[in-house]
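Residues per chain are reported as follows:
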Amino acid sequence: MINVVKITDYMSEDLISLKLKSKNKDDVLMELADLIAVSPEVHNEENVIYKALIEREKLGSTGIGKGVAIPHAKTDAADRLTIAFGISKEKIDFKSLDNENVNIFFVFASPMKDSQVYLKVLARISRLIREEEFRNELLACKTPAEVIECINKKETV
């Protein structure tokens, strides 16, 4: 049996915000960095997560299209891969590849040494969010528990 990597293995309800308040890219990255820092696996002294997310964005936008962004940081501030999730009611200009504004965010903090799992989970999310039905289901979630359930359901199909 192949060891399947599940997105929800790296998420928890306390790392999910369905009401992001930010209105622009820098602010939403700060808000997401603060959200992921709630995890005991992430150490955000001196805003190291935010700084790592900004550095990654300088390489090119993590707005992958269809209203989705996957900001991610490889950093020693993460003990293990950690994923936070956010939804903005207002779409944010994220300089996405398709020039569409973004309202669904998966944010990663990953240790420098853990590239295999990081890449597998990133690829898995990228595949899932291509489906309009899945994106709409995420946007319809009313609680963090529903987000986890929605992703779990999609991963077991």
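Note on numbering: residues in each chain are counted from 1, in written sequence order. A pLDDT threshold of at least 70 governs which residues receive local features in this predicted model, and a stricter bar of 80 or more applies before side-chain atom pairs are shown or counted, although totals over entire chains, interfaces and linings include all residues. Each side-chain value is worked out from all heavy atoms of the structure, with water and hydrogens disregarded.

Participant: Quick rundown of the overall build of the chain? Include the residues and the values.
Facilitator: The helix count covers DSSP runs of H or I at least four residues long, the strand count covers runs of E at least two residues long, and both are numbered beginning at the N terminus. Secondary structure assignment for the chain yields five helices and six strands. In sequence order, the chain lays out its α and β elements as β-α-α-β-β-β-β-β-α-α-α. Compactness check: the chain gives a C-alpha radius of gyration of 14 Å against a globular reference of 15 Å for 157 residues, within 12% of the reference. Its C-alpha atoms give the chain principal-axis dimensions of about 40 × 40 × 25 Å. The buried label goes to any residue with under 20% of its type's maximum accessible area, the exposed label to any with over 50%, and the partly exposed label to all in between, with areas taken from a 1.4 Å probe on protein chains only. When the 157 residues of the chain are sorted by exposure, 51% land in the buried category. A sequence separation of at least 24 residues applies to 70% of the contacts in the chain between residues at least 6 apart. We take the radius of gyration over the C-alpha atoms and set the globule estimate at 2.2 Å times the residue count to the 0.38 power. Any two residues whose heavy atoms approach within 4.5 Å are treated as being in contact.

Participant: Kindly report on the packing of aromatic side chains, identifying the contributing residues and their values.
Facilitator: Between rings of Phe, Tyr and Trp, where Trp is taken as its six-membered ring, a pair exists when centres lie within 6.5 Å; planes separated by under 30 degrees are stacked, by over 60 edge-to-face, and by other angles tilted. For the coordinates displayed, the defined rule picks out three aromatic pairs. Ring centres of Phe108 and Tyr118 lie 6.0 Å apart, and the angle between their planes is 80°; on these two criteria the pair is classed as edge-to-face. Of this pair, Phe108 sits in strand E6 (residues 102-110) while Tyr118 sits in helix H3 (residues 115-128); the two residues are ten residues apart in sequence, bridging distant segments of the chain. In this structure, Phe108 and Tyr118 share a single accessibility class: buried.

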